Each structure stands twice: as C-alpha cells, then as structure tokens.
Number of protein chains: 2
Amino acid sequence: MDKRLRHLALLRCFDAAARHQSYSDAAAELSISQAAVSQQIRNLEQHLGVTLFTRQGRGMLLTKQGKTLADTVARAFVQLSDGFDRIQIEPESGTLTVTASPSFCSRWLVPRLWKFSQQYPDIQVRALASAQYEDVRHSDIDVAIRQGEVMTSEVHQEILLHDPIFAVCSARVLEEHQLTSPEQVSNCWLVEAIGVGRTGFSWKDWFKLAKVPMQPGKMSWMEVTTWEMGINAVLSGHGIFLTSACMVQDILDSGALVKPFDIQIEPGLCFSLLYDDESPRIARIKVFAEWLRQELK
Amino acid sequence: MDKRLRHLALLRCFDAAARHQSYSDAAAELSISQAAVSQQIRNLEQHLGVTLFTRQGRGMLLTKQGKTLADTVARAFVQLSDGFDRIQIEPESGTLTVTASPSFCSRWLVPRLWKFSQQYPDIQVRALASAQYEDVRHSDIDVAIRQGEVMTSEVHQEILLHDPIFAVCSARVLEEHQLTSPEQVSNCWLVEAIGVGRTGFSWKDWFKLAKVPMQPGKMSWMEVTTWEMGINAVLSGHGIFLTSACMVQDILDSGALVKPFDIQIEPGLCFSLLYDDESPRIARIKVFAEWLRQELK
DNA sequence: TTTTATCCATAAGTTTTACTTATATTAAAA
DNA sequence: TTTTAATATAAGTAAAACTTATGGATAAAA
C-alpha cells in the first residue's frame, strides 16, 4: 500500500482548508480549533515534501500542487461518500435478484412475476434458477426461495409455505386406468422425484396413506430428478406423479393434468424464504417478501 | 462535509483487510498488531452501522456491503495515490507553459521555439502572451519572462539579460534624412515606447548620450504603448525608434531595418526569468531555463 | 499614520485515539 | 480429542490530534 496514505486523516483537514481557502473557516466546519488545522496541514506538507498553501496576506492561497491535490482529494471523497451511500441504504426501487430451484422458478415464480412487476414497476426482478442454495449475504443475490430449511444462521429465514403432496396424471391416464379407487394406481407407471431436496416422502407414503398395500414386484417405476421432468412425463401421458400444488396448480386449472384423489401427504413440501436482514436493499426485499406471502396464501 | 469521512483512517485498515480477507495478513501489511485491525474494523462497522465482514471459519468473509465498500475504497485510494504522484515529481517530458509580454513573445520567444522543440521533442511549450506578470506559483504557468524585476519573493527569480537600447529606422528614412550624424535625428519622427514596464529611458537619454542638444519645439514625436507598435511604425517608414536587440535583431539581419548609430543606452532593457522552484515540473522548467540562457548568450 | 481586527504560526499541555500485549474464543485440521 | 490458526476482547501504553494561549503579520478602519 502506498505509504503516503498513512496520513489519510490529514486530508480531511486539507480538503476543508482548500475549499474555504482559510484555516479558520475550515476549523469552523470541522468543529476544531484553527491551530489544529494549521498543524495538520503543516504535517501533511512535511510528509509529502510539498508546499500546499502559501500565506497571502490574511488568507491562504493554494499552490499549484495544492490545487491539484485538492481536486483529487475532493473527487476521492465524493467517491467514498457514494460508496457509503451505497452500502447504507438503497432506495426501494431498483433491481432485485431472486434465486430458487429451477423447478420453482419455471413452474411457480417466473409465471407470476408479471403480477409483481405490475404492482411494483420500479423494482426489476431477476430470477436466478440454481440447483443449490445461493448465499444471500455474500453475493449479489437478494432473496432465496429454497425447499426445506437451509442450515445457516446468519440471515433471515422463514417458512413460506407447506405445500401438500398429491398425485397427478393426465386425463388420458385417468381414463385408461379407470382411476376411481387408489388400488388402481398400482397398475400405473409410478413417477417419483428423488433427490430434489430432502423431500421425505414417496409413493410408499402415499400407499400407506391410501391404505392400499404395495406390491413392489407388480408395479412399474420411473424416477426423475426434478419436478419439471416428472411433470413433463405425466403431461405426455406417462403414468402418475407425486407433486405439490405450487408446481402444478396452473396445469390443473388448465385441465391438462388432473388430481384423481383427495389423498394428500402433509405437511408435504416446505419452502423457505431467505434474505439478508442487513442488506442495503432491504426495502425492496421486504416488498418482495410480502408480495410472496400474499401470493402464496 | 460528509460526517462519515471522519473516520477516514479506519478505511486504510479496512482496505488491507478486504484485500487479504484476513485481519492477520492485513496487520502484517500495515505493520500493526492483529488486535488493532480487529478493533479498527469493529469501529468502522459501528460508525457505519453496517456489517462489513463475517467470520467464516478461520478467515473473514466480506459481506455484500463490505465488498461494495472495498471496491470504492480501493478506487479512491488509487486516485489519491495518483494525486500524490502528480504533485510530487512529474517527468521531464510533458507540457510547459511560458508567459512573457506580447512583444517578447512574438518578437523573440515564439520565433525561436522551434529550436527548443527540435532539441527537446518531448517537451511541448505553450507560450502565453500577457501584459501583466502572471503568478507562476499559483497557476498552471511554469515560467515567466518579464521586463525588469518582479516584486515577489516566493519564487525563483534571475536576470536573463541586459539588452542595450539603440535607435532603429528603415533604410528609406536613413537615406531621406541622411542620418550620418546624431544631429540629423532631430528632423525625424521620434517614436518612443511608453509604459511598457518601467523602462527608465527615453529619447532624452539618447540625445544626452549623443551629446546633441534637444530642441523640443522643433521635433515630431510619436508615442506607442508596445514595442510591436513602434517596430511596425518604423518598418512602414515612419521615423526612428528606440528599442533593444532582442526585439529587432532578426529584422536588422534581414535588412528591413537599420541601426544608423553605435550609440547604446546601457544597461537598457532588463529581462527576468521567474519560476517556482518547488514546481512538480521543475525538471522540464530547468531544461527550458538553461536553453533560454544559452540562446540569449 | 496609527489603531484595530483578523488572520495564521507556534508552544505547551491535555484529551482522545490508536496500538500493543496478553488472553480468550472459535473453528478447522490432525 | 488435541492441536493449530485464525479472530475477539480487555487493559494498559504510546502516539496523535486537539485546545488554549500567545505572538506575528496584514489589511481595513479610524
């Protein structure tokens, strides 16, 4: 590091003196005595080996070097002030970056963002799909929506929703397999998502809940690694899939998928909301978080 | 002034810590103890009300705000270092601004600058013609050439040359008035420069030196306020003018003007050279000053 | 011109801040 | 678990920043 920056504090004095072209006025601005200013500037001049002011009658006149330095210092100070502003509080309006799993992003978040934009046109939301939890404290990411609870203590974390799990299939499968009672399900392809978070449930749980004995040998299975894949599978007519409302509600509404039974695994999927309480963008984060809560009600 | 700049010195610590992502390494760089760094950063965080680092196992991790601030601070420091560089010593090459009276500029300085440029192609000289002395300490001007001595004590001042005064006229006037003896001069238009500095001489002095009695009533006078005007007057055939070698040497050489007598008022015009000894551009100033001395020999 | 007011400069003493040392705490590695 | 390598904290010390008091210089006022 530049050794000349060792006497940084002296520059504050110098800046004030340069702006006022007067030690007394500078002292008044800084709420210190005139003598202090005089000494500080003498020190600075000695350290730099450069005369910064010359006495001009009653006042002080900047030398050429003094002028150059004053310009630089003033600009550097403005820059620092801006920096402080930026980390202290940012306005509500601006960009907000949200991360969630690829499935949640594409199945729930992104399809609803237009509503947020309509309500808060000054906040531009960027959605970042990512398979793993992204640190919201040490990155540019402001909000994370994650399945389950994230093992971290240093940021705000709350449960956004518990979304029950139920079975969905296409209308065609419903008809072909005559899915009027849970027993019939054994004859379908059973599609199951694995490894998407610690979901903690499976077809086994469903059959138990349905009070139907499983006959492992007799059944056809398919494992998928994302909700998306499972949904695509059943959409194209392949079997029956266990998933939650937030992933498929719009498709159920459209009629492309149906929910053959009222059987629900609860509490089901748990989604957490995480953000940095001390973020400079806390204002817009809170707006977004509140919108999320309302939207999920 | 931004109150947050009160704790400027803490930023030096912060900058080092941010670069190293380690208080211990920062302490080593700054040659202070680790405890000092830890305290300084705690102070900074308190003053700003913002967490800048979080502990990450053994090391320290910048928060988002910390990162932002570190960037700003780093850039501000570079700027300050540059500022210091600029006022401390500038290289020999670069721009040099010279001021002189309009007459000296146009009659002597500018016609000779090409030689300087040839010898020192890396120094770009700008010539500033100005009727009054320009401060070389508190402006962008590096060198001043002035008639007489300037009443200032805070910059370097030396006498560049004493240039004797003599009479010049056009060849036509010489012939028409048959200027073979000083007596004949009384019949010419006497052109005299007034108010161009405290020159301290006039036609009266010349007649005295020539041992010719003046006949004020019988003579025609013309007063001019610049050397330039006088030279133009005699060049176009109007009378005889008192001036010095540096103003007309080239015209005498070309034959457009002649020097009818050997009578010289001495010491005549005195030119001083002034520059700021502590200028950051002292290197190129010294080169130019030496060239001036050689050129005037 | 003399006086007065208003600056800056300096010295001595005080207060505040920065720093050090020593030790505790924490988390990773062995 | 023990060791190691980092940060955190407390108490004391050193350094610096600041204040008060005073002197000197300059410009404006009398």
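From a predicted model like this one, the values you see are computed outputs, not experimental measurements.

Moving on, we get to the protein's contact with DNA strand C. Near DNA strand C lie 21 residues; those nearest to it are Y23, S24 and A35 of chain A together with S33 and Q39 of chain B. The protein-proximal atoms of DNA strand C, defined as those within 4 Å of the protein, are 62% sugar or phosphate. A distance of 3.1 Å separates a phosphate oxygen of DNA strand C from a polar atom in the side chain of S38 of chain A. For the surface near DNA strand C, the elements supplying multiple residues, two or more each, are α2 (23-30) and α3 (34-48) of chain A together with α3 (34-48) of chain B. Counting residues per element, the surface near DNA strand C draws most heavily on α3 of chain A, at five residues. Classifying every residue of the surface near DNA strand C by side-chain character gives six nonpolar, 10 polar and five charged.

Our focus in this paragraph is the interface of chain A and chain B. Of the residues lining the interface, 53 residues belong to chain A; the matching set on chain B comes to 53 residues. Here chain A packs against chain B, burying approximately 4,900 Å² in sum over the two surfaces, 60% of which is carbon and sulfur. If you look at where chain A meets chain B, you find four salt bridges. For D142 of chain B, the salt bridge is made with K64 of chain A, and the minimal N-O distance between the two is 3.6 Å. At the boundary of chain A with chain B, the tally comes to 23 residue pairs in polar contact (both at pLDDT 80 or more).

In this section: the domain arrangement of chain A. When the domains of chain A are assigned, the result is domain 1 (3-88), domain 2 (94-161 + 271-296) and domain 3 (163-266). The straight-line distance from the C-alpha centre of domain 1 of chain A to that of domain 2 of chain A is 45 Å.

Turning our attention to the pattern of salt bridges. When the charged atoms of two side chains with opposite charge come close together, those side chains can pair. If you walk through the whole model with that rule in mind, you get 29 salt bridges over all chains. The salt bridge involving D85 of chain B is made with R4 of chain A; its shortest N-O contact spans 2.9 Å. Highlighted residues: D85 of chain B in helix α4 (residues 64-88) and R4 of chain A in the segment before α1 (8-20), drawn from two different chains. With a relative accessible area of 40%, D85 of chain B lands in the partly exposed category.

Every one of the 22 residues lining DNA strand D counts as a neighbour, but S33 and Q39 of chain A together with Y23, S24 and R58 of chain B are closest to it. Contacts to DNA strand D include S33 of chain A, whose backbone N or O atom sits 2.3 Å from a phosphate oxygen. Separating a phosphate oxygen of DNA strand D from a side-chain N or O atom of S38 of chain B is a distance of 3.2 Å. Broken down by element, the surface near DNA strand D gets its largest block of residues, five residues, from α3 of chain B. Looking at the surface near DNA strand D residue by residue, the class counts come to seven nonpolar, 10 polar and five charged.

So, how was this worked out
- The numbering scheme is per chain: residues are counted from 1 as the chain's sequence reads.
- To label them, take the chains in the order written and letter them from A, then take the ligands in the order written and number them from 1.
- Local features in a predicted model are, by the rule used here, given only for residues with pLDDT of at least 70; side-chain atom pairs are given and counted only at 80 or more, and totals for whole chains, interfaces and linings are based on all residues.
- Excluded from the side-chain calculation are hydrogens and water; included are all heavy atoms of the structure.
- What makes a residue near a molecule or strand is one non-hydrogen atom of that residue sitting within 4 Å of it.
- Side-chain atoms alone can form a polar contact between residues adjacent in sequence; in general such a contact is a pair of N or O atoms within 3.5 Å, and within protein one must be able to donate a hydrogen while the other accepts it.
- Under the scheme used here, helices are H or I runs from DSSP no shorter than 4 residues and strands are E runs no shorter than 2 residues, and both carry numbers assigned from the N terminus.
- Under the scheme applied here, ten amino acids are nonpolar (Ala, Val, Leu, Ile, Met, Phe, Trp, Tyr, Cys and Pro), four are charged (Asp, Glu, Lys and Arg), and all others, including Gly, are polar.
- Contacts are assigned to residue pairs that have any heavy atoms within 4.5 Å of one another.
- Here the buried area means the combined drop in accessible surface, using a 1.4 Å probe, for two parts upon being joined, counting both sides.
- Note on definitions: salt bridges are taken to be side-chain nitrogens of Lys or Arg within 4 Å of carboxyl oxygens of Asp or Glu.
- Each domain's extent was defined by an automatic or database domain assignment.
- Under the scheme applied here, a residue whose accessible area is under 20% of the maximum for its type counts as buried, over 50% as exposed, and between as partly exposed, the area being computed with a 1.4 Å probe on protein chains only.

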